Amino acid sequence: MSSDLKLVTLEEAARVVGKTPHNIRDYIQRKRIGKYNEDGEPIARARNGELRVSLKELRIFLSLVEEGNEKHHWAGLHPELGFHGLPEYQRTKHVHRLHPYLGKFIPQLVEWFLSRHFKADDVILDPFMGSGTTLVQGNEMKMHTIGIDISPFNCLIARIKTAKYDVAKARAEILEVEKRVTQFSKFLIKADEANLSLFPEDRMEQLTQGLLEECNSEYLRAWFAPRALLEMLYYRRLIPHYHYQDLLRVVLSRAVRSSRLVPHYDLATPKEPLPVGKEYWCRKHNRYCVPIDNCITKIHAYSEDTARRLAEFDKLRSDQSVTVIQGDSREVNLKAELANTPIANRQISGIFTSPPYVGQIDYHEQHIYAYELFGFPRQDQLEIGPKKKGKSKQAQREYIEGIAAVFRSVLPLLQPDAKVFVVANDRFKLYPEIAQLGGLKVVEEFHRAVTKRTEQGDDPYQETIFMMMKDK
Ligand SMILES: C[S@@+](CC[C@H](N)C(=O)[O-])C[C@H]1O[C@@H](n2cnc3c(N)ncnc32)[C@H](O)[C@@H]1O
C-alpha cells in the first residue's frame, strides 16, 4: 500500500496534514472525506476505535481548498463520484488504454450513471464521442451505442476499441508485425543476431532510402530520431498485408507517440523536439535522461499489451450494435446514418457525453503524429471550443451556440423522457444557457472532484454532471 492510500486514525491524519482531529471529524461530517474501517471498507457508523480515513482523500480535499476552489464547501461534492483511491489499472482497464487521449473521462463515471438510469437494449448516444468511453461501457452493459466525433483519428480509436475480433488472429497479426519490425531494427543497428538473409547488406541503402522517400512529412522528420523514423515507416509499410489494419495503425500510433524526441515527463503537451542525444533533467525519473532514439522499444511495450486488452474486453462485451460516425455533430443526419443498422427507426433513450471545454484542448492537434503518419484528413476548423480560439467572451459565445446546436440537432430522435447527461467543467457557467438554447432543461446537477483525469495531470478540479431532459 502506498503512503497515500494508507488509512489512518483521525489523530494520525491530523498530525500528517497539520490539522486538529476536530477538523478531520468536521470534514467527515460534511461528507468531504469518507469513513472507513481498518480493512478499508466504507462504513456508515464506526465502532469504538475502528474509524479510519484515507490520507489520499484528505490530501485531495485539502488541495481543493488550497486552490481557492471554495465552491465545494457549499455546493457539495457527491461522495460516490470522486472515485478516490480507484487504482490506475481500473481507470484504464482493458481497451480504455489502447491509446492515450487527453480529455477522456473515466469508465467508472459512465458506468455509475448508465447503471442507474438506463437498462439493457436501450440506445445511448455520445455526440462528443472522443475515444469512445461511453460506447465501450454502454456495450458492456448490453446497450446499443452511437458515437459521433469530428476527428477521424478519434473515430479510429473508438472503432478499434469497440470492434469485434477473432482475438487469436488479431494477436497473431500484432505479434507477427512486431517480429518483422524487430528483425528490421536489428538489421538497422547491425546487431550481431541480425538475420542477413531477410535483409541482405547490399539492399540496406535501397531499403532505407525507399522508406524515407515514402515520408513527406516535415513533422515526422523533425520529431523523431533517424532510427525511430525508419522503424515506424517500415511498420507502416507492412500494415496493408494484414487483415486488422486499423488495429495495427493504433498499435503503431501509440508506439510513435511515445517515441518522439520529447522529455519523458511531457508526452501529453510537448512544445518542441529535443535534439537527438540531448541530456535533460527528467522530472518523471528524477535523473538525467536522453530522449528515446528508436520506436521498437515502444512497439514491444504495446504489442502484447494491446492483444491482452482486446482479449479482456472480448470476454465482457455484448453483441449489441455500436455505430461510430465521423462528422460534425451539429449537422450529422443521424436518422440516415442509422438507416442500415440494427437500431434503424429506434428512438434514443439517452445521452451520456462530455463536450470539449471552452479553450482547453485542440483535439486534432493532440494526435498530430498520427495525422502526419497516416494522412487522415483534418477538420480542426469544425471543432467546437478549441484551445486555439481561447476563452474570450467571443469564444464563449461561439461555444454556447455550437454545443446548443448539437443538442438541437439530435433532439428529434430522443424519446420524450430521454435523460441527457453532460459532464462539464463549467467554470464560466455557460450550461444553463446552452441547455435552454438546445431545447433542454437542467433537472439535476451532480458535482464531483476530478483528481486524475487520464492524461491530464494530477491537479484536482471540479466538474459537474448536468442531468437534462427535453424542455416540453
Ligand atoms: C472531451 S472530448 C470527449 C472525450 C470522451 N468522453 C472520452 O472519454 O474519450 C470532446 C470531443 O468532442 C469532439 N468534438 C469537438 N467538436 C465537435 C463537433 N463539432 N462535432 C463532433 N465532435 C466534436 C472532439 O474531437 C473531442 O473528441
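Here the structure is a predicted model, which means the values were calculated and not measured.

## A short note on the overall build of the protein chain
- The helix and strand tally for the protein chain stands at 18 helices and 11 strands.
- For the protein chain, whose C-alpha radius of gyration is 24 Å, the value lies close to the compact-globule estimate of 23 Å for 472 residues.
- The principal-axis extents of the C-alpha atoms in the protein chain amount to approximately 75 × 60 × 45 Å.
- The buried share of the protein chain, taken over its 472 residues, is 55%.
- Within the protein chain, contacts between residues separated by at least 24 positions form 71% of all contacts whose residues are at least 6 apart in sequence.

## Here's the deal with the domain arrangement of the protein chain
- Under the domain assignment, the protein chain is made up of domain 1 (7-66), domain 2 (88-153 + 318-366 + 377-470), domain 3 (167-259 + 294-309) and domain 4 (262-291).
- Between the C-alpha centres of domain 2 and domain 4 the distance comes to 33 Å.

## Some words on the site of the ligand
- Not every one of the 25 residues close to the ligand is listed here, only the nearest: Tyr101, Ser131, Thr133, Asp149 and Asn154.
- The separation between an oxygen atom of the ligand and a polar side-chain atom of Ser131 is 2.7 Å.
- Calculation on the ligand without its partners gives an accessible area of 600 Å², and the protein chains cover 100% of this total.
- Considering only residue class, the shell around the ligand consists of 11 nonpolar, 9 polar and 5 charged.

## Here we look at the sheet that holds strand E9 (residues 414-424)
- Here we have 7 strands laid out as an open sheet, ordered E7-E4-E3-E8-E9-E11-E10, and mixed in their pairing. Only two strands of the sheet have a single neighbouring strand rather than two, namely strand E7 (322-326) and strand E10 (440-450). Ignoring which end each strand starts from, the neighbouring axes of this sheet average 15° apart.
- Direction of pairing for strand E8 (residues 348-353) relative to E9: parallel, over a ladder of 5 bridges. Bridging from a neighbouring strand, Ile348 pairs with Leu414 of E9.
- Most of the contacts of helix H17 (residues 393-410) go to E9, to which it runs at about 155°, and overall it touches strand E3 (123-126), E8, E9 and E10.

## As for the environment of Arg30
- Looking at the element boundaries, Arg30 is found in the loop between helix H2 (21-29) and strand E2 (53-54).
- Residue class for Arg30 comes out partly exposed when judged on its relative accessible area of 31%.

## Focus: the packing of helix H6 (residues 107-117) against helix H7 (residues 133-140)
- Between H6 and H7, the least distance of the axes is 9 Å, while the angle of their chain directions is 50°. Judged on the interaxial angle alone, H7 and H6 are oblique. Crossing handedness for the pair H6 and H7: right-handed. Contact residues: Pro107, Val110, Glu111 and Leu114 in H6; Thr133, Thr134, Gln137, Gly138 and Glu140 in H7.
- Here the residues of the contact of H6 with H7 sort into 3 nonpolar, 4 polar and 2 charged.

## With respect to the packing of helix H9 (residues 167-188) against helix H12 (residues 226-238)
- Closest axis-to-axis distance for the H9/H12 pair is 10 Å, and the angle between their directions is 145°. Remark: the crossing between H9 and H12 carries right-handed chirality. In contact with Val177, Arg180, Val181, Phe184, Ser185 and Leu188 of H9, H12 contributes Arg227, Leu230, Glu231, Tyr234, Tyr235 and Leu238.
- Grouping the constituent residues of the contact of H9 with H12 by class yields 8 nonpolar, 1 polar and 3 charged.

Quick notes on the rules
- Residues numbered from 1 in each chain as written.
- Predicted model: local features only at pLDDT ≥ 70, side-chain atom pairs only at ≥ 80, totals over all residues.
- Heavy atoms only, no water.
- Helix = DSSP H or I, 4+ residues; strand = E, 2+ residues; numbered from the N terminus.
- Rg over C-alpha atoms; globule rule 2.2 N^0.38 Å.
- Buried < 20%, exposed > 50% of the residue type's maximum accessible area, 1.4 Å probe, protein only.
- Contact = heavy atoms within 4.5 Å.
- Domains from an automatic or database assignment.
- Near = heavy atom within 4 Å.
- Polar contact = N/O pair within 3.5 Å; in protein donor to acceptor, adjacent residues only side chain to side chain.
- Areas by Shrake-Rupley, 256 points an atom, 1.4 Å probe, with all protein chains shown as cover.
- Nonpolar A, V, L, I, M, F, W, Y, C, P; charged D, E, K, R; others polar.
- Pairing = 2+ DSSP bridges.
- Axes fitted to C-alpha atoms, helices over the stretch in contact; angles between N-to-C directions.
- Parallel < 35°, antiparallel > 145°, perpendicular 65-115°, else oblique.
- Left-handed = near helix turned anticlockwise from the far one by under 90°.

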